[in-house]
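Fold and contact review
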Amino acid sequence: MRDRTILGIDPGLAHTGWGIVHQVGNSLQCVAYGCITTSKDQDLVNRLAHINAQMGAIVERFQPTAVGIETVWFGVNTQSAFATGQARGAALVACARPDIEVAEFPPSQIKLGVVGTGSADKAQVQYMVQQILGLKKKPSPDHAADALAAAICYASFKGIHASEE
């Protein structure tokens, strides 16, 4: 049976959540999670460079073989969506390696995969991530919980046999 390490990413310019999940068959275990934070007092280029550098360090440390990343949701605030897209790009560049498979999921699909409904709120996502991964407490901040949810979504929708040759 093949196992893999999945990096989940919840992109954002101010807060980019990340989570590492180890999968063996249908079993999932949380390895680590956190949040990359940038200050609005920094200029855009430095914020993006920080996200890229930190995500690169995470990739180096945990050596994921797969990445599940949330797509950008274009709501009413398009300026915010563009900033999130830029942060997402900075994170993706850090993951651009031939041995890492990347899958993108819209927020509603991540919520569906973890909670069972695409309209779940953040508290429901945190609770279900805690339950699925057997954590003693809800993962915090919510950006990290969302990143773990993206990794769980990857495990659910990109089954272990899909990556075997």
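Structure's up top.
None of these values were measured; they are calculated from a predicted model. (Residues numbered from 1 in each chain as written. Predicted model: local features only at pLDDT ≥ 70, side-chain atom pairs only at ≥ 80, totals over all residues. Heavy atoms only, no water.)

**So, the overall build of the protein chain**
Helix and strand counts for the protein chain come out as five helices and five strands. Traced from its N-terminal end to its C-terminal end, the protein chain shows the element sequence β-β-β-α-β-α-β-α-α-α. Taking 165 residues into account, the globule formula puts the C-alpha radius of gyration at 15 Å, and the protein chain, at 15 Å, falls close to it. Seen through its principal axes, the protein chain has C-alpha atoms that stretch 45 × 35 × 25 Å. (Helix = DSSP H or I, 4+ residues; strand = E, 2+ residues; numbered from the N terminus. Rg over C-alpha atoms; globule rule 2.2 N^0.38 Å.)

**Comments concerning the pairing of strand E2 (residues 15–24)**
Extensive coverage of E2 is indicated by the burial of seven of its ten residues. Two successive antiparallel strands, strand E1 (residues 3–10) and E2, enclose a turn made up of four residues. Here E2 pairs with strand E3 (residues 27–37) via ten bridges, running antiparallel. The residue bridging Val21 from the neighbouring strand is Cys30, located in E3. Between the end of E2 and the start of E3, which pair antiparallel, lie two residues, with Gly25 showing a positive phi angle near 60°. (Buried < 20%, exposed > 50% of the residue type's maximum accessible area, 1.4 Å probe, protein only. Pairing = 2+ DSSP bridges.)

**Some points on the pairing of strand E4 (residues 66–70)**
Among the five residues of E4, five are classified as buried, and the element is accordingly described as predominantly covered. Burial of the side chains of E4 extends over both faces: Ala66, Gly68 and Glu70 are buried on one face and Val67 and Ile69 on the other. Pairing geometry for E1 and E4, over four bridges, is parallel. Residue pairing across strands places Gly8 opposite Gly68, the latter belonging to E4. Alignment of E4 against strand E5 (residues 101–105), held across five bridges, turns out to be parallel. Its bridge partner being in E5, Gly68 is matched across the sheet by Ala103.

**Points about the environment of Ala147**
The topology assignment puts Ala147 in helix H5 (residues 142–157). Using a relative accessible area of 0% as the deciding quantity, one classes Ala147 as buried. Residues Ala147 and Lys137, spaced ten residues apart in sequence, show a C-alpha to C-alpha distance of 16 Å. What Ala147 contacts, discounting residues up to four positions off in sequence, is Gly8, Ile9, Asp10, Gly17, Trp18 and Gly19. (Contact = heavy atoms within 4.5 Å.)

**Digging into the packing of aromatic side chains**
All chains considered together, the criterion is met by two aromatic pairs. An angle of 35° between the planes, with centres 5.9 Å apart, marks the rings of Trp18 and Phe62 as tilted. Taken together, the positions of Trp18 in strand E2 and Phe62 in helix H1 (residues 44–62) put the pair 44 residues apart, joining distant regions of the chain. Each member of the pair, Trp18 as well as Phe62, carries the same accessibility label: buried. (Phe/Tyr/Trp six-rings, centres within 6.5 Å; stacked < 30°, edge-to-face > 60°.)

**Structural notes on the nonpolar core**
One finds Leu7, Ile9, Trp18, Met55 and Ile58 to be the most contacted residues of the largest nonpolar core, which totals 22 residues. Put simply, the parts of the chain that give this core at least two residues each are E1, E2, E3, H1, E4 and helix H2 (78–95). Among all residues touching Trp18, those that are not within four sequence positions of it are Leu7, Gly8, Ala32, Tyr33, Gly34, Cys35, Ile36, Met55, Ile58, Phe62, Ala144 and Ala147. (Core = buried A, V, L, I, M, F, W, Y, C linked by side-chain atoms within 4.5 Å.)

**With respect to the side chain of Gln126**
The residue Gln126 is located in helix H4 (residues 122–133) in this model. Assessed through its relative accessible area of 16%, Gln126 is described here as buried. A distance of 2.8 Å separates the side chain of Gln126 from the backbone oxygen of Pro139, its partner in a polar contact. Leave out the neighbours within four places in its chain, and Gln126 touches Lys138, Pro139, Ser140, Pro141, Asp142 and Ala145. (Polar contact = N/O pair within 3.5 Å; in protein donor to acceptor, adjacent residues only side chain to side chain.)

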